[in-house]
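Structure assessment
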Protein chains: 2
Amino acid sequence: MKFSLIAFISAALLYGTTGQAQDTIRITDYGYTAGSRQNAVPYVLKALNDCKTKKDPVLIFPAGRYDFWPQYVTEKLYYESNTDVIPLRRCPILIEGFNKLEINCNKADFIFHDRMQPFTIDSSKNITIRNVNIDWEIPLTAQAQIAEATDDYIDLVINAFESPYVIENNKLVFVGEGWKSEWWGSMEFDNNTKQVTSQTGDAGCMGDNFKNYKAIELKQGYVRLQYTGKHKPLKGNWLVLRHSARDHAGTFIINSRNVVIENMNLYHCAGLGILSQYSGDLYFKRVNVVPNAVKNRILSGHDDGMHFSNCNGQLTIDSCRFLSLMDDPVNVHGTSVRIMKKLSDTKLLCRFVHEQSIGFTWAREGETIGFIENEAMNTIDTGKVESFHLNSPEEFEISFSKPVPATIIEGDALENLTCTPDVLIKNSFFGSNRARGILISTPGKVIIENNVFESSGSAILIPGDANGWYESGAVKDVTIRNNVFNDLCLTSLYQFCEGIISIDPEIPRPDANKPFHRNIRIENNTFHPFDYPVLYAKSAAGLHFNNNTIIRSTRFQPFHYRKHMLTFEYCKTIEVANNQLQGDVPGKNIKLIATPKKELQLQKHQGIVLTE
Amino acid sequence: MKFSLIAFISAALLYGTTGQAQDTIRITDYGYTAGSRQNAVPYVLKALNDCKTKKDPVLIFPAGRYDFWPQYVTEKLYYESNTDVIPLRRCPILIEGFNKLEINCNKADFIFHDRMQPFTIDSSKNITIRNVNIDWEIPLTAQAQIAEATDDYIDLVINAFESPYVIENNKLVFVGEGWKSEWWGSMEFDNNTKQVTSQTGDAGCMGDNFKNYKAIELKQGYVRLQYTGKHKPLKGNWLVLRHSARDHAGTFIINSRNVVIENMNLYHCAGLGILSQYSGDLYFKRVNVVPNAVKNRILSGHDDGMHFSNCNGQLTIDSCRFLSLMDDPVNVHGTSVRIMKKLSDTKLLCRFVHEQSIGFTWAREGETIGFIENEAMNTIDTGKVESFHLNSPEEFEISFSKPVPATIIEGDALENLTCTPDVLIKNSFFGSNRARGILISTPGKVIIENNVFESSGSAILIPGDANGWYESGAVKDVTIRNNVFNDLCLTSLYQFCEGIISIDPEIPRPDANKPFHRNIRIENNTFHPFDYPVLYAKSAAGLHFNNNTIIRSTRFQPFHYRKHMLTFEYCKTIEVANNQLQGDVPGKNIKLIATPKKELQLQKHQGIVLTE
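The name given to chain A in an unreviewed UniProt entry is Right-handed parallel beta-helix repeat-containing protein, and the organism recorded there is Danxiaibacter flavus.

Rendered as structure tokens:
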């Protein structure tokens, strides 16, 4: 009797209530031993099945190492945004159809093998994942240190334990757990700073002639690449060697709401880091997509850090870190589609345009759709969806409750305005990655505050297009405040990198009277430019660049083709006020292109001049 | 018209007839590319399914590398003889229910990952597998060279690419593709000869104290084992480091007939090499269980080479090689079972005794069973099976068409005399392995001819027991002729190694009047002994040791506890005639134990004396 009572009290103390205790499931109860190197997948399958029978399920992974191999994974058809289309995605941890679930991994190391998608959250709500490190035994990107660089060759030192390789037909080919893939591109990182080497980026760190290289293995882990040319990566520096396709996200969130991810170190993955799609109310705190320092890694994620496609509700990124990525840390956008045919007054045949973004259930009954003409890219009108039907992964029919505007014709575009989120990005670090820092294309309320940017390209890009990538859309309310933009920003050039902040929609014929973007406030930030372009803005109205401090850095030599601090093109209602310039800031000037002078309200005594 | 005719003639020339052409399936037709490192398993599944629809199916693997991973393997419950019992065996290539199939691999390399069973032939007939190399990327046994050996430690050099390891709790633990297993035993191989070092074997090459070792990694691939003691493996020599369980055969043949395996190099596997069980008419030509020289391997198979359990019909092993195995190259035996209870006059409750040999469908209606009393192990009588029923993997009920002999009691044994094969082993090489060369326990006709033996233990063991391993049974017709037994034979001691040829059944109370084994002819062989015991025989009748040449080797010092060239114990009708001795052959003598002198017919002038 006495013993039972003590047991009961102990349980109550441990779990708060016995009810909660019953809802807590430990993966080790299923026979898995952390560190055993066995495949954890079948144990996770059983545990998740049991979690589904609980009211408040909490799945616990005790600290330690968990290995995940393809055997027993759920293979599922998913059309994942900005990701290669493959028949089935491998989902070792599939959280599907849950109303509530917490997974607490207690800082466990989840080690993945071959190509797969660590976490998948599908058609679920109230999901929390916390305290987990995600890594690969053999990553899907490799790295090498430059042991020698001459006009005729460079020598690579590769950790062949981590990145086994073969030389085939004189080419360097990496081999892993169920795959083989040829090296196709590189990013150079400085040995001292572990940052992208200045003026390399998409300009190419390897030099012009490198595709003709001939690889020779001098000894295991030591590979000579013979090719001529003066431009070579620097001896001692590191190359991230890109190979393999982008086919699985690190975490994929689809058709889900109220998802919290906290304390996740995503050291590597097989594509986009966290891909959220048609989901909303997502909260990410201390999610770091960074190299695994313990493993002497330079490489981190395979592509983007966090990618949001057609989400809505509130997206929050708080206290996250992004470093050494091979693409943008954060990208928030919708998917616009091309109108192929007017099937009737109310019915359109449409097509997904970018080959990596197809097959979506793009709209649901009652959602609001914008009709965009594709010259100035103005939204002519909106309509309510009555029905949606996919004819194929590439094409769908959509009908509306009232006629489509008569001026909308084949070749114009649609944007789903219901699937657009509010965004808060704060207290985060955007380190030296390939490409930009944050891409924002949503009409929702956007706040970017208290972040530090060391992006090698533009820190923030506000794009918007229905002509190239078809990543909609126009912004309406963006605040960029209290951020620090360090002098690493814009040390390399990538697509659309026109300024540290680059507002650069792709618009065939911009209309200065009807700018595409609206209400962008850039306030109380500190910039450390070594080069001219701090801000470039095209087709924006209601643009405020106020109370910023701009401090000259002399760390790098200016090289950008833009020679103005601020450039406005096809813009309206611009305010530049109360900015402080320190040191010999390049240019200290403003250029207006296709923008009437009257649209610029330039406060005097800032030391900023308007050049003609 | 003309073109079609030419095409038809070409096809006819290529394939003999168009009918044959249609029956040929190439694995590459299913989209697999040799050398792609992709998992071949799903492609093989499809190809085998299609083969089943053909009349004369031939499955072709073009030359190259094929990788096999656990994903998509068929997992099946098999009770495999002399193998650990696990819930399901992984079968990447499952040939089940075929009436005919040829697989031609054109010398392809089949590379396996994790633990699995490369080929499984189940309930099939007329199966041919040819021209294939089987190996593991990360073998399930490791090897190391001794870089240093002192009284206080030895240093191991391990190829950590091939055999990744960790040090856990001071112990050396190997880690692989889905497994982790602690090192538990070693075999020492001479660096020059790559043969088992003399007087090590199961005596232990590591010395007495080694289990207390403390492992320290000095650098990657260089591990110091600290332990005291004078006996250590020799600097420069190699250790095969045994770890992991015996849970999958290299090829498993069950309930099948007419199986041909030709030109197979089995460089490694997860248990017994080729395990044939309740199958018959099996033909193995140029099947080599040997180290992969290209990979600088000392290790080869995990345990036995070819293991035959309860087979019948004709078994032929022709021109095969066995080297560096961790157990016997060839073992042919049945499984005897213990009588637990007489359930009626005609019905017995029986039990499998050895824990690795359970769960068999041990008998079928109409089969002949021998009743064995377990003192002198005489077969009292035989009976016909009427029914058989497994109560559990360990226990079964068997009933007979007539009453069981009254003298047969609980504790006695049964042997299935129908499941006993004829055996021909010729032109083969039995190199330096752990344990013996050939184990034979079958009443069928056995011929062992034109082979070379360099076994480290006994070259040939004729055991037979229903008390220990329960591997039946008595032999009735064995011819051992024209073989060469080199001086490597019996350089190490293992269980039952009483002579180069050791006839050593386990009989609690041998009866000299009713010997267990019968009719064993050892003729026209050449022996190169460095030590005394050439032949030891217990409980055998009709034993002929004639026309052999025995040539003294001085390569090693004699050490065996037996000091007689020939020893006969509880034997009858022995003939020793026309043997030639060259050099100072140790002993040149015969010892009789519990064997009347009149039973020995010793020809004079051979230089062989009978000691009292």
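Re the sheet that holds strand 18 (residues 238-242) of chain B
All names here are of chain B. Strand order in this open sheet of six strands is 15-18-10-11-17-16, and the pairing throughout is antiparallel. Every other strand in the sheet has two partners, leaving strand 15 (185-189) and strand 16 (214-219) as the edge strands with one partner each. Shown here is a sheet whose adjacent strand axes are inclined to one another by a mean of 35°, direction ignored. Pairing of strand 16 with strand 17 (residues 222-226), which is carried by five bridges, proceeds in the antiparallel orientation. Note that in strand 17 the partner of I216 across the bridge is R224.

Quick notes on the relation of the copies chain A and chain B
Comparison of the two chain copies shows a relationship of rotation about an axis with a shift along it. Each copy of the sequence occupies a distinct position, and chain A is placed on chain B by a rotation of 180° and an axial shift of 0.0 Å, giving an RMSD of 0.0 Å. As the rotation angle and translation indicate, the two copies are arranged about a two-fold axis. In terms of C-alpha distance to the rotation axis, chain A has A:Q71 as its closest residue, with the C-alpha 2.0 Å off the axis.

Focus on the domain arrangement of chain A
Residue and element names in this part refer to chain A. In terms of domains, chain A is made up of domain 1 (23-136 + 249-322), domain 2 (142-242), domain 3 (335-416) and domain 4 (421-610). Distance from the C-alpha centre of domain 2 to the C-alpha centre of domain 4: 34 Å. In total, domain 2 and domain 4 occlude about 950 Å² of area from one another, counting both sides; carbon and sulfur atoms represent 48% of this. Summed over the three residues of domain 2 that lose the most area to domain 4, namely Q195, Q199 and D202, the buried surface amounts to 49% of that side. Our enumeration of links across domain 2 and domain 4 arrives at one salt bridge. One salt bridge in this structure joins R434 and D202, with 2.8 Å as the shortest N-O distance. Taken together, the residues that form the side of domain 2 that touches domain 4 break down as four nonpolar, seven polar and two charged.

Quick look at the UniProt feature "domain: GLAA-B beta-barrel" (unreviewed entry) in chain A
Residues and elements named next belong to chain A. In the numbering used here, UniProt assigns the feature "domain: GLAA-B beta-barrel" (unreviewed entry) to residues 142-239 and 347-414. Across residues 142-239, helical content stands at 0% and strand content at 46%; the span's end C-alpha atoms are separated by 8 Å. Counting secondary structure, residues 347-414 comes out at 0% helix and 44% strand; the distance between its end C-alpha atoms is 12 Å.

Comments concerning the layout of surface pockets
By volume, the largest pocket is sized at about 1700 Å³. Contributing to the lining of the largest pocket are 50 residues, with A:A160, A:F161, A:E162, B:A160 and B:P164 lying nearest its centre. Among the elements of the structure, strand 3 (65-68), strand 7 (101-112), strand 9 (125-136) and strand 12 (165-168) of chain A together with strand 12 (165-168) of chain B are those that each provide at least two residues to the lining of the largest pocket. A breakdown of the residues in the lining of the largest pocket according to their chemical character gives 21 nonpolar, ten polar and 19 charged.

Thoughts on the side chain of B:N548
All names here are of chain B. Examined against the element boundaries, N548 turns out to sit in the loop between strand 45 (540-546) and strand 46 (549-551). Classification of N548 by relative accessible area gives buried; the value is 0%. Here N525 takes part through its backbone nitrogen, which lies 2.9 Å from a polar atom of the side chain of N548. Filtering out sequence-adjacent residues up to four positions away, N548 remains in contact with I522, E523, N524, N525, F527, N578, N579 and Q580.

So, helix 3 (residues 41-51) of chain A
All names here are of chain A. All of the buried residues in helix 3 are V41, Y43, V44, A47, L48 and C51. Buried residues in helix 3, looked at end-on, bunch into an arc of 155°, giving them a common side. Residues of helix 3 that are exposed and angled more than 90 degrees away from the buried face: K46 and N49. Those residues of helix 3 that are buried are in contact with strand 1 (24-26), strand 2 (58-60), strand 3, strand 6 (93-96) and strand 7.

A word on the packing of aromatic side chains
Applying the stated criterion to the full structure yields 56 aromatic pairs over all chains. Ring centres of B:F527 and B:F545 lie 5.8 Å apart, and the angle between their planes is 35°; this geometry places the pair in the tilted category. Of the two residues, B:F527 sits in strand 43 (residues 526-527) while B:F545 sits in strand 45, which places them 18 residues apart along the sequence. Residue classification places B:F545 among the buried residues on the basis of a relative accessible area of 1%. Feature note: the residues A:Y32, A:Y43, A:F61, A:Y66, A:F68, A:F110, A:F112, A:F119 and A:W136 constitute an aromatic cluster, connected by ring pairs. We note A:K171 situated over the ring of A:Y213; from NZ or CZ to the ring centre the distance is 4.0 Å. Sitting over the ring of B:Y153, B:R224 keeps its end group 3.7 Å from the ring centre.

A word on the confidence of the model for chain A
All names here are of chain A. When pLDDT is averaged across chain A, the result is 95; 96% of the residues are at 70 or more. Here residues 1-19 is modelled with pLDDT under 50, and outside its nearest four sequence neighbours on either side it reaches six contacts, counting other chains as well. Reported confidences for the modelled complex are a pTM of 0.93 and an ipTM of 0.92.

Notes on the pattern of salt bridges
When charged atoms on two side chains of opposite charge get close, those side chains can pair. Residue and element names in this part refer to chain A. With the rule as written, the count across this model stands at 75 salt bridges over all chains. The closest approach of N and O atoms between R434 and D327, which form a salt bridge, is 3.4 Å. Taken together, the positions of R434 in the loop between strand 33 (429-430) and strand 34 (438-440) and D327 in the loop between strand 24 (321-322) and strand 25 (330-333) put the pair 107 residues apart, joining distant regions of the chain. Residue classification places R434 among the buried positions, given a relative accessible area of 13%. Accessibility expressed as a relative area gives 11% for D327, which makes it buried. For D477, the salt bridge is made with R521, and the minimal N-O distance between the two is 2.5 Å. Taken together, the positions of D477 in strand 38 (residues 477-481) and R521 in strand 41 (residues 517-523) put the pair 44 residues apart, joining distant regions of the chain. Judged by its relative accessible area of 22%, R521 is partly exposed. Within this structure, D202, R242, R246, D303, D327, D328, R434 and R436 form a network of salt bridges that share partners.

Describing the interface of chain A and chain B
Often the size quoted for an interface is simply the accessible area lost on bringing the parts together. Opposite the 21 residues of chain A that make contact, chain B presents 21 residues. Between chain A and chain B, roughly 1700 Å² of surface is buried when both sides are summed, and carbon and sulfur atoms account for 55% of that area. For the chain A face of the interface with chain B, the top three residues by lost area are A:R37, A:Q71 and A:F161, together amounting to 38%. The interface formed by chain A and chain B holds zero salt bridges in total. Applying the counting rule to chain A against chain B returns eight residue pairs in polar contact (both at pLDDT 80 or more). Taken together, the residues that form the side of chain A that touches chain B break down as nine nonpolar, seven polar and five charged.

Side note on the environment of A:P164
All names here are of chain A. If you trace the backbone, P164 turns up in the loop between strand 11 (153-157) and strand 12. In this structure, the C-alpha to C-alpha distance between P164 and G499, residues 335 residues apart in sequence, is 40 Å. In this view, P164 contacts I138, F174 and V175; residues no more than four positions away in its chain are not counted.

Remarks on the environment of A:K285
Residue and element names in this part refer to chain A. Of note, K285 is situated in strand 21 (residues 280-289). Separated by 155 residues in sequence, K285 and R130 have C-alpha atoms that sit 9.5 Å apart. For K285, the contacting residues outside a window of four places in its chain are I261, E262, N263, D318, S319 and C320.

Reading guide: rules and limits
- Residues numbered from 1 in each chain as written.
- Chains lettered and ligands numbered in written order.
- Predicted model: local features only at pLDDT ≥ 70, side-chain atom pairs only at ≥ 80, totals over all residues.
- Heavy atoms only, no water.
- Pairing = 2+ DSSP bridges.
- Helix = DSSP H or I, 4+ residues; strand = E, 2+ residues; numbered from the N terminus.
- Axes fitted to C-alpha atoms, helices over the stretch in contact; angles between N-to-C directions.
- Least-squares fit on C-alpha atoms with pLDDT ≥ 70 in both.
- Domains from an automatic or database assignment.
- Buried area = accessible area lost by both parts, 1.4 Å probe.
- Salt bridge = Lys/Arg side-chain N within 4 Å of Asp/Glu carboxyl O.
- Nonpolar A, V, L, I, M, F, W, Y, C, P; charged D, E, K, R; others polar.
- UniProt positions renumbered as here; feature names shortened; annotations may be inferred.
- 1 Å grid on protein atoms, 1.4 Å probe; cavity = no way out; pocket = protein on both sides within 12 Å on 5 of 7 lines; lining within 4 Å.
- Points joined across faces, edges and corners; volume = space filled by probe spheres on them.
- Buried < 20%, exposed > 50% of the residue type's maximum accessible area, 1.4 Å probe, protein only.
- Polar contact = N/O pair within 3.5 Å; in protein donor to acceptor, adjacent residues only side chain to side chain.
- Contact = heavy atoms within 4.5 Å.
- Arc of directions from axis to C-beta.
- Phe/Tyr/Trp six-rings, centres within 6.5 Å; stacked < 30°, edge-to-face > 60°.
- Lys NZ or Arg CZ within 6 Å of the ring centre and 35° of its normal.
- pLDDT = per-residue confidence, 0-100.

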